[in-house]
Amino acid sequence: MLGNVLIVDDSAVMRKIVAKSIIQAGYVFARVLEASDGYEALHQISQNRFDLVLTDVNMPNMDGLELARIIQEMNLDPPLPVVIITTEGTEDKIHEAEGYGVRAYLTKPFAPAQLKAKLGPILDERQEA
Amino acid sequence: MDDGIIRSIVESTTDVFSTMISIELDKNPAPKAESDLQQCQIMAMVGLAGRSMGILSFHCTPQTGITITSNMLGSPVTTLDDDVKDAVGEVANMIAGNFKTRMSRLGQSFDLSVPTVVVGERFSTRTMTDAPTVVLQFQGGGHTVYVKLNYKT
């Protein structure tokens with residue numbers, strides 16, 4: 001079993017959908033925790049150990065790319081993988097995310113199989129670590 | 001309005017409904033008058049700002065909003081609660097994000113606001129730009145939804 005996963009999205013419905021999709025993709029986490037923006041996410045990260053962060057980009061207060069940039073600067077050991085799940089799939093956003101060490105980028109709408117394809121290599125690596 | 005823009009709106013809307021809501025919408029929506037939107041009672045809008053600008057809004061009835069939410073969550077919802085408002089806002093957000101990605105491939109760029117959801121009866125909206133406006137009526141799964149785009153490049 002994997003440790004904790006943090007789902008960051010300003011939409012409560014989308015957080016529930018992402019949580020459901022993780023289960024449908026066949027992954028079992030000890031705990032699924034939620035945050036509604038980047039600030040809440042950083043607070044959660046300071047209080048808990050996570051195996052994965054799934055974050056939206058377009059959120060009030062602190063967006064998902066800023067969150068990814070700060071997590072990268074934290075230099076956690078082992079590194080905390082960040083996956084973006086967002087409505088925006090433009091090349092410049094994807095390129096910016098890659099610059100902040102984001103491990104995968106998934107655009108909404110998405111099917112659980114697409115989520116599984118993105119998470120598989122990351123979580124397999126995490127379980128082996 | 002340009003055919004490429006209309007096609008992008010149609011593909012974005014039908015893709016969101018097919019993938020996230022399990023409803024196959026008709027891919028040939030009917031153009032409608034803005035007055036048709038008054039029967040909807042729920043509107044979610046996303047602002048587009050940048051080199052291209054405008055407003056994209058999604059409109060539906062409370063019952064359709066409840067069905068959308070139930071299908072997205074995979075569990076029944078029976079009343080027009082905060083989850084329904086949140087889900088309808090997210091539908092508008094996904095259509096706008098998908099539209100943005102498609103338009104960027106055509107060299108048109110803009111940023112998106114977070115969605116705003118309005119619930120009420122017989123309200124109307126007025127935009128301050130002279131941008132062209134189109135209202136498209138989509139049907140599928142026994143439901144009717146509308147997407148309105150006010151867009152200027």
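We now turn to the structure provided with this report. Because the structure is predicted, anything quoted here is derived from the model rather than measured.

## Looking at the overall build of chain A
Turning to step 1, where the next piece is worked out: Helices and strands together make up the secondary structure of chain A, namely five helices and five strands.
Turning to step 2, where the next piece is worked out: In terms of C-alpha radius of gyration, chain A reaches 13 Å, essentially the compact-globule figure of 14 Å for 129 residues.
Turning to step 3, where the next piece is worked out: Counting only C-alpha atoms and orienting by the principal axes, one finds that chain A spans roughly 35 × 30 × 25 Å.
Turning to step 4, where the next piece is worked out: Within chain A, the proportion of its 129 residues that are buried is 54%.
Turning to step 5, where the next piece is worked out: Taking as baseline every contact in chain A between residues at least 6 positions apart, the subset at least 24 positions apart corresponds to 66%.

## Here's the deal with the packing of helix H2 (residues 38–47) of chain A against helix H3 (residues 64–74) of chain A
Residue and element names in this part refer to chain A.
Turning to step 1, where the next piece is worked out: Where H2 contacts H3, the two axes come as close as 10 Å, and the packing angle between them is 25 degrees. The angle between H2 and H3 places the two elements in the roughly parallel class. Here H2 and H3 pass one another in a crossing that is right-handed. Facing H2, whose interface residues are Gly-38, Ala-41, Leu-42 and Ile-45, H3 presents Leu-67, Ile-70, Ile-71 and Met-74.
Turning to step 2, where the next piece is worked out: Looking at the contact of H2 with H3 residue by residue, the class counts come to seven nonpolar, one polar and no charged.

## What about the packing of aromatic side chains?
All names here are of chain B.
Turning to step 1, where the next piece is worked out: With the rule as written, the count across this model stands at four aromatic pairs over all chains.
Turning to step 2, where the next piece is worked out: Ring centres of Phe-17 and Phe-58 lie 5.9 Å apart, and the angle between their planes is 40 degrees; on these two criteria the pair is classed as tilted. Of the two residues, Phe-17 sits in helix H1 (residues 3–21) while Phe-58 sits in strand S3 (residues 53–60), which places them 41 residues apart along the sequence. Of the two residues, Phe-17 and Phe-58, both sit in the buried class.
Turning to step 3, where the next piece is worked out: On the basis of an interplanar angle of 75 degrees and a centroid distance of 5.9 Å, the ring pair of Phe-110 and Tyr-151 is categorised as edge-to-face. With Phe-110 in the loop between helix H3 (82–104) and strand S4 (111–112) and Tyr-151 in strand S7 (residues 143–152), the pair connects residues that are 41 residues apart, well separated along the chain.
Turning to step 4, where the next piece is worked out: Grouping aromatic residues by their ring pairs yields a cluster made of Phe-99, Phe-110 and Tyr-151.

## Focus: the interface of chain B and chain A
Turning to step 1, where the next piece is worked out: Counting from both sides, the interface comprises 21 residues of chain B and, opposite them, 19 residues of chain A.
Turning to step 2, where the next piece is worked out: Roughly 1700 Å² of surface becomes buried between chain B and chain A when both sides are summed, with 60% attributable to carbon and sulfur atoms.
Turning to step 3, where the next piece is worked out: Looking only at chain B, the three residues that lose the most surface to chain A are B:Met20, B:Leu73 and B:Glu90, adding up to 27% of its buried area.
Turning to step 4, where the next piece is worked out: Its salt-bridge partner being B:Asp83, residue A:Lys16 comes within 2.7 Å of it at the nearest N-O pair.
Turning to step 5, where the next piece is worked out: Counting the contacts that link chain B with chain A gives 10 residue pairs in polar contact (both at pLDDT 80 or more).

## Some thoughts on the pairing of strand S6 (residues 133–140) of chain B
Residue and element names in this part refer to chain B.
Turning to step 1, where the next piece is worked out: A large share of S6 lies buried, amounting to six of its eight residues.
Turning to step 2, where the next piece is worked out: Two elements, S6 and S7, share eight bridges in a ladder whose sense is antiparallel. Across the sheet, residue Gly-140 finds its bridge partner in S7, namely His-143.
Turning to step 3, where the next piece is worked out: Taken together, S6 and the strand that follows it, S7, pair antiparallel across an intervening segment of two residues, in which Gly-141 is found at a positive phi of about 60 degrees.

## Digging into the sheet that holds strand S3 (residues 52–55) of chain A
All names here are of chain A.
Turning to step 1, where the next piece is worked out: The five strands lie next to each other as S2-S1-S3-S4-S5, forming an open sheet whose pairing is parallel. Each edge of the sheet is formed by a strand with only one pairing partner; in this case those strands are strand S2 (29–35) and strand S5 (104–107). Ignoring strand direction, the axes of neighbouring strands in this sheet form an average angle of 20 degrees.
Turning to step 2, where the next piece is worked out: The pairing of strand S1 (residues 2–8) with S2 spans six bridges and is parallel. For Leu-2, the partnering residue across the bridge sits in S2 and is Phe-29.
Turning to step 3, where the next piece is worked out: Taken strand by strand, helix H1 (residues 12–24) contacts S1, S2, S3 and strand S4 (82–86), and its axis lies near 150 degrees from that of S1.

About the criteria used
Residues numbered from 1 in each chain as written. Chains lettered and ligands numbered in written order. Predicted model: local features only at pLDDT ≥ 70, side-chain atom pairs only at ≥ 80, totals over all residues. Heavy atoms only, no water. Helix = DSSP H or I, 4+ residues; strand = E, 2+ residues; numbered from the N terminus. Rg over C-alpha atoms; globule rule 2.2 N^0.38 Å. Buried < 20%, exposed > 50% of the residue type's maximum accessible area, 1.4 Å probe, protein only. Contact = heavy atoms within 4.5 Å. Axes fitted to C-alpha atoms, helices over the stretch in contact; angles between N-to-C directions. Parallel < 35°, antiparallel > 145°, perpendicular 65-115°, else oblique. Left-handed = near helix turned anticlockwise from the far one by under 90°. Nonpolar A, V, L, I, M, F, W, Y, C, P; charged D, E, K, R; others polar. Phe/Tyr/Trp six-rings, centres within 6.5 Å; stacked < 30°, edge-to-face > 60°. Buried area = accessible area lost by both parts, 1.4 Å probe. Salt bridge = Lys/Arg side-chain N within 4 Å of Asp/Glu carboxyl O. Polar contact = N/O pair within 3.5 Å; in protein donor to acceptor, adjacent residues only side chain to side chain. Pairing = 2+ DSSP bridges.

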